[in-house]
There are 4 protein chains.
Amino acid sequence: MERIDFQCDYLEGCHPAILQVLQDSNLEQTAGYGNDPYCVRAAMRIREACACEAAEVHFLVGGTQTNLLAISALLRPYQGVLCAEEGHIATHETGAIEATGHKVLTLPDTDGRITAAQVEAYCRAHWESTVQEHTVQPGMVYLSQPTECGTLYTRAELAAMHIVCQKYGMPLYVDGARLGYALATPENDVTLANLAELADLFYIGGTKCGAMFGEALVIANPAYQKDFRYMIKQRGALLAKGRLLGIQFDTLFAENRYVDICRQAVAQAAALREAFRGAGIPLFGQSPTNQVFPILTKAQAQALSEKYVYSIWGAAADGRTIVRFCTSWATRLEDIEALCRDIAAL
Amino acid sequence: MERIDFQCDYLEGCHPAILQVLQDSNLEQTAGYGNDPYCVRAAMRIREACACEAAEVHFLVGGTQTNLLAISALLRPYQGVLCAEEGHIATHETGAIEATGHKVLTLPDTDGRITAAQVEAYCRAHWESTVQEHTVQPGMVYLSQPTECGTLYTRAELAAMHIVCQKYGMPLYVDGARLGYALATPENDVTLANLAELADLFYIGGTKCGAMFGEALVIANPAYQKDFRYMIKQRGALLAKGRLLGIQFDTLFAENRYVDICRQAVAQAAALREAFRGAGIPLFGQSPTNQVFPILTKAQAQALSEKYVYSIWGAAADGRTIVRFCTSWATRLEDIEALCRDIAAL
Amino acid sequence: MERIDFQCDYLEGCHPAILQVLQDSNLEQTAGYGNDPYCVRAAMRIREACACEAAEVHFLVGGTQTNLLAISALLRPYQGVLCAEEGHIATHETGAIEATGHKVLTLPDTDGRITAAQVEAYCRAHWESTVQEHTVQPGMVYLSQPTECGTLYTRAELAAMHIVCQKYGMPLYVDGARLGYALATPENDVTLANLAELADLFYIGGTKCGAMFGEALVIANPAYQKDFRYMIKQRGALLAKGRLLGIQFDTLFAENRYVDICRQAVAQAAALREAFRGAGIPLFGQSPTNQVFPILTKAQAQALSEKYVYSIWGAAADGRTIVRFCTSWATRLEDIEALCRDIAAL
Amino acid sequence: MERIDFQCDYLEGCHPAILQVLQDSNLEQTAGYGNDPYCVRAAMRIREACACEAAEVHFLVGGTQTNLLAISALLRPYQGVLCAEEGHIATHETGAIEATGHKVLTLPDTDGRITAAQVEAYCRAHWESTVQEHTVQPGMVYLSQPTECGTLYTRAELAAMHIVCQKYGMPLYVDGARLGYALATPENDVTLANLAELADLFYIGGTKCGAMFGEALVIANPAYQKDFRYMIKQRGALLAKGRLLGIQFDTLFAENRYVDICRQAVAQAAALREAFRGAGIPLFGQSPTNQVFPILTKAQAQALSEKYVYSIWGAAADGRTIVRFCTSWATRLEDIEALCRDIAAL
């Protein structure tokens, strides 16, 4: 029997509405490199969703690509980017940022989050140093919404971070690989418009949120928009048939589809949490989004792995293991129900 | 009236057979990052087509990305890559190679091609110099098949290049963005198996030859295979849903589809050449593949641009203009017939 | 009154014997770029001192330059260098290693030192990971002898590190900015010959150990010697009048001068430690070399700063401050005696 | 018999006045990294000599280092630097600029010089292109004064270059490795003050003009001064005992010594030219500075090489060879007289 896979949120293809448009438009002739009507309309829809007329929107293929482009475009050679120790750029991108010449400056995080006070302290120490030029200058702040641990920044937290970034002349960049799930979470109070106001740039993840592939980088602050297409081309990230990306985001941002299709995944994750709690199984961290982190005994882990696939997240105290179950826009209701029953039966 | 576009060979989506598999497999769950059955099978088919069991095949998203990865993975920091002056990496990739730290060392080309003798002379001069370490060491040779000008290397020319590369310890790399059209050209005598034998690595272009997007990098020489997936991830080129690429190449390399779908385009290009010659219009260069370069008077250019779109290639003597018409797997027969009639009527 | 400066060991010019040779040879004509008789003889003397005939010796200008050259020459693009958290490349070189594209992978250190067991654990975790290509591959180990904290690795510790490096195919590199003081310390059991045997490459610091400027990089392992002069030139580190460096190291390595001139500094540091202990002032760490780290009360710090300059090293518990006094080959006996008296009077 | 060497202008040590100050100051204690009184005074003297109060002056070790720092500090990642085909950064720095990620964009030169009209044409073509982001953006202009061929730009030529650079928002950078010889040439009409006005930054060469080593980078335009010390440190170019550089430039810029000591070399070169012409030997190019390029027959070359060393510059028509004789501040009058006699006797 094939096991049901909850390892991550990019196991399936894409939302059927996207496939339909790809099919319908397949033999149209359009200009390349993003200069096509689909990209134009998708960008317009995203600007509207962000309530940010001045934003520039670029469609890129993947998350690491987007991160390295955004960061290397904005930093001066001797600057680094502040980031949580658990941050994706610090841990799971094979040194992609360093490969562009920049150090990732890590700060200890709490459940994936760092605070404005930490950034303030780091910057103050740097700028008060008499040998500052012997150390990497903090030049940017990188956050994820939701974080690697599935947690969310509040609007107030982002506003505080915005202020400290302004104070030290650093752009604020938000990695939104799973942004759809953040926007679809009831506890969330950060809208796209808030992001466009508080962050200088951020990306709206497609790959994990219904698209076949692709991320939409929103450069909200015009100060950082200049010449970005040169950067994209130079890093091998300018898709010849750019319309493939335009079509996907145009479809996702029509009729609020982007958030709607994530909402069910968040509800399913909540049901899973409920099931784990009901079975007396503790959860690691406070994720309210589509990632669930139960702490399993060996027997529990073994039992669940017979029918389900999940990720190993880390070791907990007393020999138990933190694992991750991920739901997505494509998770089937019957699979969640079966899993909940199996959890209850543990 | 919408004009018919012959500007390039990446104006449409993809071959319908590919869309069908994307549709059929859409809700399957598969492992990410190229570790799925489609990628495995596509790689197997490509190894077979290349008659090279030892080859490693990596599926990447675009040509510039593939070039920069292949080149930066193989060169030492102080080495550069030899290349025709017209070479894509030298002219149209925004310095992507230089951005990885390496100089592109250009050689004057003839209709897009460079010779083994030129490479030999360059290398001999370098290695005989008493101040060689003050100059960039030639570390690799880059060719395109077909070239930017649509011309082809013969098997004998590639064999000669292979020998000089071996002599100076340099890998030979072939950019096959339009390789399908080369393979489908009657004049061509270089098979995939020849490429796998004479080049150390090369890529089989998908984007321009029937795929939605994607290129298959074939590292034929095991000496250059080590750790390549790290490189891919670090440059932001490891597609999360790698199967999208696997599906495309699996479909293209089933039943010889890759070459078959390019054959018609080459025949159409030949018909166009015939039409231009018939109308007394000279052609620039010797391209036998899917690119046609007529030299037009202002009046001719104007007349054709009313119904057709083409690219400007350069200025010819006596005020005429070299333009490019490109056919592709997607070019419709009726459009070629109409264009041939309009050429005859010039 | 001018205060006496103990801030660091590069406050004065150079040993008078060096100045004398510079004077005597000033109007000689010699070939540039290190191809002169002084460099040849200095390299020969260093090979002899290291008992390593196969070693290649390169003369460079400064420590950061030497580190970035040695590390970027040996790593593949996706590899990083393991290093103590306090390591100079991790803290005080403005991201010089990252600027060459490589991540510095830090390990928690004890008084500046890391252990073979830590390196083993890090590498095992990397190579056992199923997603290893999503993370930076450990490709090299960087140590300092003495460390930033003035402590020393023993021969046994270096041998253990050598074994783990061999096991994982990583070169071992030792930063010897203050190597002269290590060699001159009675507790030290690591000779130059041991270094040449256990490390693949290391540098013999000149700037802090009697030279005007300059470091001698010893590439003991022939596997890493190829084409290094290209690297030097490319990074702007090939001194036109290379003989300036040759003269300095030729003079330092004649008659064992290099170690002899450091011996007095180590003895002076020991005297300072004795004085601090005698005054009931605790010392931070276990440095037996030319760096002394007393932990001072505000009053003590204030009192000493009236006549002496020292560095602030960090904050200790209970409001006291860790400071650093550094002796050097140039420290005058009367200054040490005065300082000892003033410490006793605290 | 030792031959007299005219290969280049960095064969000897340094002007005796510099050695004297190094000797006198040797045991002084001064702050490191350029924060010492010698550097402060040298910078002040250079600002005065340039009549540019706003200039920032940095003392660096060598020419390639200075070039790569100046260029990589000012360019955005996708920009390249325009340069003569013969430019030092294009030919003899082992791809140092490319190693920082930037392409060198070469323009054909005439006797080492490029024109404002060439730069204008290149920029216009770039900015008029509809696919400009597929090519490297011209971001800076690099000139040498004197050029590699010993020729000089006139004030009018530099003013024209300044205007085109302003028009396209590009800084103008002048490599002055041999600037002293330019300033000492009677035909020259470009003063240091002119350079500070017309170039955004330039360097005053020390290595070839009387110093032991070192170059003084003058950033005349405050727009490009920010954070430059971080760049210096990151590239391994911040000399610990920075005063060594300060002392040299302080001594060279006292009492107009910098130009005075070069004047004799230029006169000696003029005498050599006169001798060659007198012997019916043609000269290559129009160098009026300290480099002389006679075109020798095999017999002449052979005859002169018995007593003198010169450089091979290239092949001339009809089998003759272009060679280079270089004079310097250290060239002895009796050597020139002997050489002139031997030329006359050819």
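Broken down by element type, chain A carries 14 helices and 13 strands. Since a compact globule built from 346 residues should have a radius of gyration of about 20 Å, the 21 Å found for chain A is in line with a globular shape. Taken across its 346 residues, chain A has 58% of its residues classed as buried.

Moving on, we come to the sheet that holds strand β3 (residues 79-84) of chain B. All names here are of chain B. As summarised here, the arrangement of the 7 strands in space is β2-β8-β7-β6-β5-β3-β4, forming an open sheet in which the pairing is mixed. Each edge of the sheet is formed by a strand with only one pairing partner; in this case those strands are β2 (56-60) and β4 (104-107). Across the sheet, the axes of successive neighbouring strands diverge by a mean angle of 25°, strand direction being ignored. One ladder, built from 4 bridges, connects β3 with strand β5 (residues 137-144); its direction is parallel. The residue of β5 that forms the bridge with V81 is M140. Across the sheet, helix α3 (residues 63-74) is in contact with β2, β3, β5, β6 (172-175), β7 (201-205) and β8 (215-219); its angle to β8 comes to roughly 20°.

In this assembly, 39 residues from chain A lie in contact with 39 residues from chain B. Going through the elements one at a time, α1 (16-25), α3 (63-74), α5 (96-99) and α10 (228-234) of chain A are the ones with two or more residues in the side of chain A that touches chain B. The element contributing the most residues to the side of chain A that touches chain B is α1(A), with 4 residues. Each residue belonging to the side of chain A that touches chain B can be placed in one class, and the counts come to 19 nonpolar, 15 polar and 5 charged.

Further remarks concern the relation of the copies chain A and chain D. Superposing chain A onto chain D takes a rotation of 180° combined with a translation of 0.0 Å along the rotation axis, leaving an RMSD of 0.0 Å. In the structure described here, the two chain copies are related by an operation that fits a two-fold rotation axis. Judged by C-alpha distance, A:R76 is the residue of chain A that lies nearest the rotation axis, at 4.3 Å. Taken as a fraction of all interface residues of chain A, those also at the interface in chain D reach 100%, which identifies the copy contact as same-surface.

On to the interface of chain A and chain D, then. Interfaces are often sized by the amount of accessible area the parts lose when they come together. Each partner contributes to the interface: chain A provides 13 residues, whereas chain D provides 13 residues. Sort the elements by how many residues they give to the side of chain A that touches chain D and α10(A) lands first, with 5 residues. Here the side of chain A that touches chain D is built from residues that sort into 4 nonpolar, 4 polar and 5 charged.

Now for the relation of the copies chain A and chain B. Each of the two chain copies can be generated from the other by rotation about an axis followed by a shift along it. Superposition record for chain A on chain B: RMSD 0.0 Å, screw rotation 180°, translation along axis 0.0 Å. Take the interface residues of chain A: 100% of them recur as interface residues in chain B, which is what a same-surface contact looks like.

A word on the environment of C:L195. Residues and elements named next belong to chain C. With respect to the helices and strands, the residue L195 is situated in helix α9 (residues 192-198). Spatially, the C-alpha atom of L195 lies 15 Å from that of P222, the residues being 27 residues apart in sequence. Apart from residues no more than four positions distant in its own chain, L195 is found in contact with C50, V174, V190 and F202.

Next up on the list: the sheet that holds strand β7 (residues 201-205) of chain D. Residue and element names in this part refer to chain D. With mixed pairing, 7 strands are arranged side by side in an open sheet as β2-β8-β7-β6-β5-β3-β4. Taken across any chain shown, the strands that pair with only one partner, and hence form the sheet edges, are β2 (56-60) and β4 (104-107). The sheet shows a mean angle of 25° between the axes of neighbouring strands, direction not considered. Pairing of β7 with strand β8 (residues 215-219) involves 5 bridges; the strand directions are antiparallel. Residue pairing across strands places F202 opposite V218, the latter belonging to β8. Running at roughly 20° to β8, helix α3 (residues 63-74) makes contact with β2, β3 (79-84), β5 (137-144), β6 (172-175), β7 and β8 of the sheet.

With that out of the way, let us pick up the pairing of strand β12 (residues 311-315) of chain A. All names here are of chain A. β12 sits mainly on the outside: 0 of its 5 residues count as buried. As judged from the 4 bridges shared by β12 and strand β13 (residues 321-326), these two strands associate in the antiparallel manner. Residue G314 lies in a different strand from β13, and its bridge partner there is I322.

Residue and element names in this part refer to chain B. Close contact between helix α6 (residues 116-128) and helix α7 (residues 155-167) brings their axes to 8 Å; oriented N to C, the two are set at 15°. Accordingly, the angle class assigned to the pair α6 and α7 is roughly parallel. Once α6 is placed against α7, the crossing between them reads as left-handed. When α6 is examined against α7, the residues A116, V119 and E120 are found in contact with a partner set consisting of A160, M161, I163 and V164. Looking at the contact of α6 with α7 residue by residue, the classes come out as 6 nonpolar, no polar and 1 charged.

Take the packing of helix α2 (residues 37-49) of chain D against helix α11 (residues 243-252) of chain D next. Residues and elements named next belong to chain D. Direction vectors running N to C along α2 and α11 enclose 40°, while the axes themselves pass 7 Å from each other. Taken together, α2 and α11 sit at an angle that is classed as oblique. In this structure, α2 meets α11 at a crossing whose hand is left-handed. Residues Y38, C39, R41, A42, R45 and I46 of α2 touch α11, and the partners they reach there are R243, L245, G246, I247, F249 and D250.

Locating A:K233 in the fold gives a position in helix α10. In the structure, A:K233 is positioned 73 residues away from A:E306 in sequence and 46 Å away in space, judged by C-alpha atoms. The contacts of A:K233, once residues within four sequence positions are left out, are A:L238, B:T64, B:T94, D:E133 and D:H134.

The next thing to look at is the confidence of the model for chain A. The predicted coordinates ought not to be read in detail in places where the model reports low pLDDT. For chain A, the mean per-residue pLDDT works out to 97, and 100% of the residues sit at or above 70. For this predicted complex, the interface confidence score (ipTM) comes to 0.97, while the overall pTM stands at 0.97.

All names here are of chain B. For Q166, the location among the structural elements is in helix α7. Taking the C-beta count within 10 Å as the criterion, Q166 has 12 such neighbours and is therefore assigned exposed. Along the backbone, Q166 and L245 are 79 residues apart, and their C-alpha atoms lie at a distance of 32 Å.

What follows concerns unusual backbone geometry. Excluding glycine, residues mostly carry a negative phi; peptide bonds, for their part, are mostly trans. Cis geometry is found at the peptide bond from B:Q145 to B:P146, where omega equals -10°. By the secondary structure assignment, B:P146 is in the loop between β5 and α7. For A:E255, which is not a glycine, the phi torsion comes out positive at approximately 55°. For A:E255, the position within the fold is in the loop between α11 (243-252) and α12 (257-278). When the 9 C-beta atoms within 10 Å are taken as the criterion, A:E255 is described as exposed.

The rules behind these values
- Residues numbered from 1 in each chain as written.
- Chains lettered and ligands numbered in written order.
- Predicted model: local features only at pLDDT ≥ 70, side-chain atom pairs only at ≥ 80, totals over all residues.
- Helix = DSSP H or I, 4+ residues; strand = E, 2+ residues; numbered from the N terminus.
- Rg over C-alpha atoms; globule rule 2.2 N^0.38 Å.
- Buried ≥ 20, exposed ≤ 12 C-beta atoms within 10 Å, placed from the backbone.
- Pairing = 2+ DSSP bridges.
- Axes fitted to C-alpha atoms, helices over the stretch in contact; angles between N-to-C directions.
- Contact = placed C-beta atoms within 7 Å.
- Nonpolar A, V, L, I, M, F, W, Y, C, P; charged D, E, K, R; others polar.
- Least-squares fit on C-alpha atoms with pLDDT ≥ 70 in both.
- Parallel < 35°, antiparallel > 145°, perpendicular 65-115°, else oblique.
- Left-handed = near helix turned anticlockwise from the far one by under 90°.
- pLDDT = per-residue confidence, 0-100.

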